[in-house]
Amino acid sequence: MDKPRDQISRSAPPVDVAPLVEAFAGRSALAPYASFQVFPTARAELIFHFGDPFQVADGSSERMRPLAPAVLLGPRLSSYLQSAGPRIDWFLVQMTPLGCRRMLGVPFAEAWHREIPLADLWGRSALFLHEQLAALPTFEARRSLVLATIRARCALPDIDRMARAGRLVRDGRIRSVDRLGEYLDIGPRRLHQKFVADYGIGPKTLLSLLRFGRQLEARHPLSADADELEYADDSHAIREFRRFTGMTPGAYVRQKRKGDR
């Protein structure tokens, strides 16, 4: 009997495409069919999937809905459910807000809590791209095809200061509302208006969500000092973790130690 396989790949975009794309990722696996909780994220992901049905459901509902073969999965402020397996095969493009607007014609602010089939945005060319990607055997080959598609569809943009600020925020190099306002040289009210227009949420909420993501990705996210995790103290870190996941950090650690799916 063949052993279960699981290959996960991830790469950064080349410099010319970086204003539009945060990262490329892919997974090929044979794994038991499972439903699992997905934590909130400020990312918008263009997903191409080629394996068995890939489904999602809102956290308040157990009713799964299938995703289109090529779909924009919008950012979320609350947890939701995904189901996949046993044959998993997908390739995704993590889009920047500028990439959503330039490449897909969807303002990032309008993508929250939505799944938008790429065929609704690109028509038949979306189905053709999906067929081409499905026929390619490797992550690198798929990445090369998507890069060529992006370059063919989009005039690579000049980056304004707002887009640069967004990149610095997402990279963790700007971590406070005050520092963000200083960088853009605008007051709190105008700053809030610009971020709601571009991101769909205010800068304070976005910074909190990104800080939670860094906490989750840290090597020891729930045992490090609060200072390292950018929180005022441990109780602040626990409140924020519960806000975005519905569970305490301790419950999350216990779940992982038991072999969380």
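Peer 1: Summarise the environment of alanine 126; cite the residues concerned and give the values.
Peer 2: Topologically, alanine 126 is positioned in helix α3 (residues 124-135). As a C-alpha pair, alanine 126 and valine 71 span 55 residues in sequence and 9.4 Å in three-dimensional space. Those residues in contact with alanine 126 that sit more than four places away from it in its chain are Leu118 and Ala119.

Peer 1: Describe in detail the packing of helix α5 (residues 161-170) against helix α7 (residues 188-199), supporting the description with residues and values.
Peer 2: Relative orientation and spacing of two packed helices are given, respectively, by the angle between their axes and the distance between those axes. Where α5 contacts α7, the two axes come as close as 12 Å, and the packing angle between them is 80°. The angle between α5 and α7 falls in the class roughly perpendicular. Counted together, Met162, Gly166 and Arg170 of α5 and Lys194, Phe195, Asp198 and Tyr199 of α7 form the full contact between these two elements. A class-by-class count of the residues in the contact of α5 with α7 yields three nonpolar, one polar and three charged.

Peer 1: For unusual backbone geometry, give the residues involved together with the corresponding values.
Peer 2: Cis geometry marks the peptide bond from glycine 85 to proline 86, where omega comes out at 0°. Mapped onto the elements, proline 86 comes out in the loop between β8 (80-84) and β9 (87-95). Residues other than glycine seldom take positive phi values, yet histidine 113 does so here, at roughly 60°. Note on placement: histidine 113 falls in the loop between α1 (97-104) and β10 (115-117).

Each value, and the rule that gives it
Residues numbered from 1 in each chain as written. Predicted model: local features only at pLDDT ≥ 70, side-chain atom pairs only at ≥ 80, totals over all residues. Heavy atoms only, no water. Helix = DSSP H or I, 4+ residues; strand = E, 2+ residues; numbered from the N terminus. Contact = heavy atoms within 4.5 Å. Axes fitted to C-alpha atoms, helices over the stretch in contact; angles between N-to-C directions. Parallel < 35°, antiparallel > 145°, perpendicular 65-115°, else oblique. Nonpolar A, V, L, I, M, F, W, Y, C, P; charged D, E, K, R; others polar.

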